[in-house]
Amino acid sequence: GAVVSQHPSWVICKSGTSVKIECRSLDFQATTMFWYRQFPKQSLMLMATSNEGSKATYEQGVEKDKFLINHASLTLSTLTVTSAHPEDSSFYICSASGSGGSYNEQFFGPGTRLTVL
Amino acid sequence: AQSVTQLGSHVSVSEGALVLLRCNYSSSVPPYLFWYVQYPNQGLQLLLKYTSAATLVKGINGFEAEFKKSETSFHLTKPSAHMSDAAEYFCAVSNSGGYQKVTFGIGTKLQVIP
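Residues numbered from 1 in each chain as written. Chains lettered and ligands numbered in written order. Predicted model: local features only at pLDDT ≥ 70, side-chain atom pairs only at ≥ 80, totals over all residues. Heavy atoms only, no water.

Chemist: Can you walk me through the state of the cysteines in this structure?
Modeler: Think of a disulfide as a covalent bridge from one cysteine sulfur atom to another cysteine sulfur atom. Summed over all chains, the structure comprises two disulfides over all chains. The disulfide that involves Cys23(A) links it to Cys94(A), with 2.0 Å between the sulfurs. Taking the sign of the S-S torsion, about 80° here, the bridge from Cys23(A) to Cys94(A) comes out right-handed. Separated by 71 residues along the polypeptide, Cys23(A) in strand E3 (residues 19-25) and Cys94(A) in strand E9 (residues 90-97) bring together distant segments of the chain. On the basis of relative accessibility, which here comes to 0%, the residue Cys94(A) falls in the buried class. Shown here is the disulfide that connects Cys23(B) with Cys91(B), its sulfur atoms set 1.9 Å apart. Around the S-S axis, the bridge from Cys23(B) to Cys91(B) shows a dihedral of about -65° and counts as left-handed. You can see Cys23(B) sitting in strand E3 (residues 19-27) and its partner Cys91(B) sitting in strand E9 (residues 87-94), a full 68 residues away along the chain. Each member of the pair, Cys23(B) together with Cys91(B), is buried. (Disulfide = S-S within 2.5 Å. Helix = DSSP H or I, 4+ residues; strand = E, 2+ residues; numbered from the N terminus. Buried < 20%, exposed > 50% of the residue type's maximum accessible area, 1.4 Å probe, protein only.)

Chemist: It is not clear to me how the interface of chain A and chain B should be interpreted in this structure. Could you clarify?
Modeler: The interface of chain A with chain B comprises 19 residues on the first partner and 18 residues on the second. At the boundary of chain A and chain B, one finds zero salt bridges. Remark: the boundary between chain A and chain B carries three residue pairs in polar contact (both at pLDDT 80 or more). Elements represented by at least two residues in the side of chain A that touches chain B include exactly strand E4 (32-38), strand E5 (44-51) and E9 of chain A. In terms of residue count, the dominant contributor to the side of chain A that touches chain B is E4(A) (four residues). (Contact = heavy atoms within 4.5 Å. Salt bridge = Lys/Arg side-chain N within 4 Å of Asp/Glu carboxyl O. Polar contact = N/O pair within 3.5 Å; in protein donor to acceptor, adjacent residues only side chain to side chain.)

Chemist: For this particular structure, what's the right way to read the environment of Gly43(B)?
Modeler: Considering the arrangement of structural elements, one finds Gly43(B) in the loop between strand E4 (32-38) and strand E5 (44-50). A relative accessible area of 13% places Gly43(B) in the buried class. In contact with Gly43(B), not counting residues within four places along its chain, are Ile93(A), Gly109(A), Pro110(A), Val37(B) and Gln38(B).

Chemist: Is there a simple way to think about unusual backbone geometry in this case?
Modeler: Glycine aside, the phi torsion of most residues is negative, and most peptide linkages are trans. Going from His7(A) to Pro8(A), the amide bond is cis rather than trans, its omega being 0°. By the element assignment, Pro8(A) lies in the loop between strand E1 (4-7) and strand E2 (10-13). Positive phi is not limited to glycine here, since Ser83(A) has a value of about 45°. With respect to the helices, strands and loops of the structure, Ser83(A) is situated in the loop between strand E8 (76-81) and E9. Unlike most non-glycine residues, Thr72(B) shows phi in positive territory, near 45°. Note that Thr72(B) resides in the loop between strand E7 (64-68) and strand E8 (73-78).

Limitation: the analysis is restricted to geometry and does not speak to function.
Following this line, the structure appears as structure tokens:
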């Protein structure tokens, strides 16, 4: 159990376009979802935390108008990179956690590789 | 505030040798500690976690870690390395069960030499 999926697994886009990444919890209700960014050979940096039905809480230095996060349901969160530029190229990973019991930890998705040309 | 320090960004061991990946933590409250493994172009998989129960924690794939409060350490070990253990390993700390903010270390890349 506790499977988290991401779609797409990789995406290439032109500079200036917007890209949407989906994160789904397949077999549990995720009250909280997290979005991370990972640069090559570096650790995961938390970008934002979102609770279902609420606005996301962004970490310091993360542009909320550039990285739009929506957590409209207990199984789906989306990250939209608006007006993407080459410096936004990165590996984006989401995680999800439930409200208790055995889902009271973060379960990670497989990641989405974004390349902006 | 919480943080983790992983000593050694690269570790090489021979197949069959002991694996030791070091992690020291800093936390203003009793910590929850985690080890994750990441294979290339994949997400993170939880190896094991410490949540204030037993100080010696056993995880998947033969890995274990010992919480030592006096040393603020949570080193990851495996008695005998296997080629499939080659991956990136991240130590992480949280002040909750992990369903809230988790802070990751920089990672240690483990190379297993045949």
